[in-house]
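Per-entry structural report
These are the residues of each chain, in order.
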Amino acid sequence: MMNYVFPVMLIISFISAVATGRIDALSAGVIDGAESAVQLLLRLVSMLCLWGGVMEIAEESGMTKVFSRLMSPVVGMIFPKLRKEKYALEAISMNITANVLGLGNAATPLGLEAMRRLQDINSNKTVASNEMVVFVVMNTAAMHIIPTTVATLRGQYGSESPMQIMPAAFLTSFCALAAAIAVAKIGNRINSKKPADKRGEGYAR
Amino acid sequence: MPDNFGSYILPLMVVGIVLFGLIKRVKVFDCFMSGARKGLHTVYELLPSITGLVVAVTMLKESGAMDIVSSLFHPVTALFGVPEEITPMALLSPISGGGSLTLFESVLKTHGPDSFVGQVASVVMGSTDTTLYAVTVYYSAIGIKNTRHTLAAGLTADFLSLVLSAFFVRLTV
């Protein structure tokens, strides 16, 4: 996939920079981009270590099992084939919990742990499994109940009621999330996994 | 609900998990270190793909390509009553979280957070996440090369958020 997305992004950038006379900005952007990638990752390092550690404690103490059991009606409905894969389900439940609570920083490390466990039961290690597609798509949509960042910014810019948009944001997120899962599942049927499929090989590692 | 309700969630979660571990007689700090070490390894796996992605996104932003693309999108989003002013922000949000946040702030500044434009922009920002980033991070951490229809499904959800946002703002505010 990224073997196509990456070059298309670069080629479009170059053509439009030349056409709109922004080649200087583009030139600076190449270097800035690489630098901000490392900055982004530094922020991620702290979160991955912190939540990796906290998650390990939750795991060892059996807390993740409790969460997983509480959420199994919902999670089991979205991932029917995983009902017996308790280990993967626990990490998925923790990731969804963090997302719903609006802890985006915690959700990513927990989600990566879930991906690792889904990979353990994946038949072809370079091709995404049906469950992975649904899980990643859920994480690309917003699952939180309270849009904290947005509400904070609205307050800063002088909103009378920063939380006024909450019902609309909730309804929109919910519909988009439901649609995302539906599209992912329909895709799983149409575009069923072929072991020898070579598309998208290479970049997205 | 106290004003700083959100500030309670994070500390409560961390302290709660550690307390639960103590009750269950887990060696909490040893556990913490072993988990944190795994996190460090993940970062090593992620650096190459994140660098490639962020460079491409920054180039796209700096080249002015987003303005051209968003002018192409106007007729479509106008059909759903989405104000023209937020199309650039909405188009940037699947590929760059920081970039779309900057545009969101400029919408709040120019139109005000309680205007229709400001409210639709808030709903869009509150109901989408950085799709391309999530897809890249999640799959590159475990070495998946063929992501199948993940990106298509994620972008469909983003598009739906955009067209639904204006509708739900009219309905509920």
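Just above, that's the structure.
Residues numbered from 1 in each chain as written. Chains lettered and ligands numbered in written order. Predicted model: local features only at pLDDT ≥ 70, side-chain atom pairs only at ≥ 80, totals over all residues. Heavy atoms only, no water.

Considering the overall build of chain B
Under the convention used in this document: Comment: elements are numbered from the N terminus, with helices defined as DSSP H or I runs of at least four residues and strands as E runs of at least two. Radius of gyration: over C-alpha atoms. The globule rule applied is 2.2 Å multiplied by the number of residues raised to the 0.38 power. The buried label applies to any residue whose accessible area, calculated with a 1.4 Å probe on protein chains only, is under 20% of its type's maximum; exposed applies above 50%, and partly exposed to all values in between. Whether two residues touch is decided by their heavy atoms; if any such pair falls within 4.5 Å, the residues are in contact. Charge convention: Lys and Arg are scored as positive, Asp and Glu as negative, and His as well as the terminal groups of each chain are ignored. By convention, the charge on Lys lies at NZ, on Arg at CZ, on Asp at CG and on Glu at CD.
Across its full length, chain B carries eight helices and zero strands. Going from the N terminus to the C terminus, chain B shows its helices and strands as α-α-α-α-α-α-α-α. Against the globule reference of 16 Å for 173 residues, chain B gives a C-alpha radius of gyration of 20 Å, more extended than a compact globule. C-alpha atoms of chain B, sized along the principal axes, occupy 60 × 45 × 25 Å. Counting every position in chain B, which comprises 173 residues, the buried fraction comes to 55%. Sequence separation of at least 24 residues holds for 66% of the intrachain contacts in chain B that already meet a minimum separation of 6. Separation between the mean location of the 10 positive side-chain charges and that of the 11 negative ones in chain B comes to 19 Å.

Concerning the overall build of chain A
Across its full length, chain A holds eight helices and zero strands. Order of helices (α) and strands (β) in chain A, N terminus to C terminus: α-α-α-α-α-α-α-α. Projected onto its principal axes, the C-alpha coordinates of chain A cover approximately 60 × 55 × 35 Å. In chain A, buried positions account for 49% of the 205 residues. Long-range contacts, defined as pairs at least 24 residues apart, comprise 61% of the intrachain contacts of chain A with a sequence gap of at least 6.

Observations regarding the nonpolar core
The criterion, for reference: Only buried Ala, Val, Leu, Ile, Met, Phe, Trp, Tyr and Cys residues count toward a nonpolar core, and they belong to the same one when joined by side-chain atoms within 4.5 Å. Boundary definitions for the domains trace back to an automatic or database domain assignment.
Counting residues in each nonpolar core, the largest one holds 82 residues, and the members touching the most others are F79(A), I92(A), M115(A), M138(A) and Y139(B). Per-domain counts for this core show at least three residues from each of domain 1 (1-61) and domain 2 (64-193) of chain A. Of all hydrophobic cores here, the second largest spans 23 residues; its members include I86(B), V120(B), V123(B) and F168(B).

Describing the interface of chain B and chain A
Applied cut-off: What counts as buried area is the accessible surface, traced by a 1.4 Å probe, that two parts surrender upon association, with contributions from both included. Salt bridge criterion: a side-chain nitrogen from Lys or Arg within 4 Å of a carboxyl oxygen from Asp or Glu. Any pair of N or O atoms that falls within 3.5 Å is considered a polar contact. Within protein, one atom must be able to donate a hydrogen and the other to accept it, and sequence-neighbouring residues count only if both atoms are side-chain atoms.
Each partner contributes to the interface: chain B provides 96 residues, whereas chain A provides 103 residues. Note on chain B versus chain A: buried area summed over both sides is about 8,700 Å², and carbon and sulfur give 73% of it. Here chain B and chain A share three salt bridges between them. A salt bridge links K38(B) to E56(A); the shortest N-O distance between them is 3.1 Å. Across the chain B-chain A interface, the total number found is 28 residue pairs in polar contact (both at pLDDT 80 or more). Considering each element in turn, the side of chain B that touches chain A owes the most residues, 29 residues, to helix α2 (residues 28-62) of chain B.

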